[in-house]
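Understanding the architecture of this molecule
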Amino acid sequence: MANHMDYTNRQRAAFIMECLTEGGVSLQHLMDHFGVSVPTASAIFKRFLDEYPDCMAYDPSAKRYVAGAAFGQFQESQGARAAASE
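First, a word on scope: everything that follows refers to the structure included in this document. (Residues numbered from 1 in each chain as written. Predicted model: local features only at pLDDT ≥ 70, side-chain atom pairs only at ≥ 80, totals over all residues. Heavy atoms only, no water.)

Before going further, it helps to examine the pattern of salt bridges. Scanning all chains against the criterion turns up one salt bridge. Between K46 and D50 there is a salt bridge; the shortest N-O distance is 3.1 Å. Taken together, the positions of K46 and D50, both in helix α3 (residues 38–51) and four residues apart, correspond to about one turn of that helix. (Salt bridge = Lys/Arg side-chain N within 4 Å of Asp/Glu carboxyl O. Helix = DSSP H or I, 4+ residues; strand = E, 2+ residues; numbered from the N terminus.)

Alignment of strand β1 (residues 56–59) against strand β2 (residues 64–67), held across four bridges, turns out to be antiparallel. Across the sheet, the residue bridging to M56 is A67, located in β2. (Pairing = 2+ DSSP bridges.)

Another point: the environment of N9. Of note, N9 is situated in helix α1 (residues 7–21). With 35 residues separating them along the chain, N9 and I44 place their C-alpha atoms 8.0 Å apart.

Fair warning: the whole summary comes from geometry, so function is off the table for now.
Written out as structure tokens, the structure is:
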């Protein structure tokens, strides 16, 4: 995750990434997991999209965000970074 994000936002981004690997994430996921309101959940998505613009895309038929075009590349770069730090 981006190093300049604070702990709370890193935790939120990690949760979104986990959900994307499992098929997608909705406002309700964020509301249930973090106990936040709809406007706060929307703000979390906005911040995530600002940090990782192509990692997820909204699927209107599923009513959730799903992995975007750059998600696989992002995961690979995170894996390489983790391996280099070991």
